[in-house]
Amino acid sequence: MKMKIEKQNKKQACKIEENAVYINGIGPFCEHPRKENCWIYNGRMPSSNCWIFNKDGKVEIHNVIVYNPLIRKSGHGRAMISDIRRAFPQSHIWVDTWNCTRPFWQKMHHEGFIDSIANDYSWPCINTTCMICHPNRSEFRRRVFQ
Ligand SMILES: [Zn+2]
């Protein structure tokens, strides 16, 4: 029975745009084709987007991407995260952070856009050329090329 209601709601939401919803006027959030409870926020495309996992009154933000590296650090990420807060004013919004993105998320936490940073441990990102997350590797490379 519960499933039926959810499906009906989803159908209604889909009237606005194919496979997309607006939450408190913020959107579109497009349902991820494969992941459960996962929505892709495209309201700031083409400059940036991110994923959210929305479950049990909690919102986890994932995969924040600002596409043009030249416009990073000029408020695009902040604007997008403030959108997520406006879409989910009552939810607990949280993230896991890589070492290189932690200062950004600390700022977002300070501004009240997110409620918590989950990981308190060091977590290097997957980009092995990132000097913040992989300082030893970078030093090793420099030695090799000298
Ligand atoms: Zn990094």
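Details of the structure are given in the entry above.
Residues numbered from 1 in each chain as written. Predicted model: local features only at pLDDT ≥ 70, side-chain atom pairs only at ≥ 80, totals over all residues. Heavy atoms only, no water.

Time to look at the coordination of the zinc ion. Protein coordination at the zinc ion comes from Cys-100 (SG), Cys-125 (SG), Cys-130 (SG) and Cys-133 (SG), with a distance range of 2.3 Å. For the zinc ion, the 4 donor atoms in the first shell make angles of 99 to 116° at the metal, a pattern classed as tetrahedral. Taking relative accessible area as the criterion, Cys-100 reaches 24% and is therefore assigned partly exposed. Owing to a relative accessible area of 7%, Cys-133 belongs among the buried residues under this scheme. (Donors = N, O, S within 2.8 Å, 3.2 Å for Na, K, Ca; no water. Tetrahedral: all angles 85-135°; square planar, octahedral: opposite > 155°, others 65-115°. Buried < 20%, exposed > 50% of the residue type's maximum accessible area, 1.4 Å probe, protein only.)

What follows covers the pattern of salt bridges. For the coordinates displayed, the defined rule picks out 4 salt bridges. Between Arg-78 and Glu-111 there is a salt bridge, and its shortest N-O distance comes to 2.5 Å. You can see Arg-78 sitting in helix α2 (residues 76-87) and its partner Glu-111 sitting in the loop between α3 (102-110) and β7 (116-117), a full 33 residues away along the chain. For Arg-78, a relative accessible area of 35% corresponds to the partly exposed category. Note that Arg-86 and Asp-83 form a salt bridge whose closest N and O atoms lie 2.9 Å from each other. Here Arg-86 and its partner Asp-83 are both found in helix α2, 3 residues apart, which amounts to about one turn of the helix. (Salt bridge = Lys/Arg side-chain N within 4 Å of Asp/Glu carboxyl O. Helix = DSSP H or I, 4+ residues; strand = E, 2+ residues; numbered from the N terminus.)

What follows concerns the sheet that holds β7. Ordered in space as β1-β2-β3-β4-β5-β6-β7, the 7 strands form an open sheet in which the pairing is mixed. What marks the edges here is a single partner per strand, and that holds for β1 (20-23) and β7. By the bridge criterion, 2 bridges tie strand β6 (residues 92-95) to β7 in an arrangement that is parallel. Directly across from Trp-94, in β7, lies its bridge partner Ser-116. Across the sheet, α2 touches β1, β2 (26-31), β3 (38-41), β4 (48-55), β5 (58-66) and β6, and the angle it forms with β5 is around 155°. (Pairing = 2+ DSSP bridges. Contact = heavy atoms within 4.5 Å. Axes fitted to C-alpha atoms, helices over the stretch in contact; angles between N-to-C directions.)

What follows deals with unusual backbone geometry. In this model, Gly-27 is joined to Pro-28 through a cis peptide bond whose omega is 0°. Residue placement: Pro-28 occurs in strand β2. Omega for the bond connecting Met-45 with Pro-46 falls within 30 degrees of zero, at 5°, which places this linkage in the cis form. Residue position: Pro-46 is located in the loop between β3 and β4. We note that Asn-37 has phi near 60°; this positive angle belongs to a residue other than glycine. Here Asn-37 shows up in the loop between β2 and β3.

Quick look at the environment of Phe-88 now. With respect to the helices and strands, the residue Phe-88 is situated in the loop between α2 and β6. You can call Phe-88 buried: its relative accessible area is 7%. In the structure, Phe-88 is positioned 64 residues away from Asn-24 in sequence and 7.7 Å away in space, judged by C-alpha atoms. Leave out the neighbours within four places in its chain, and Phe-88 touches Ile-23, Asn-24, Phe-29, Ile-52, Asn-54, Val-59 and Ile-93.

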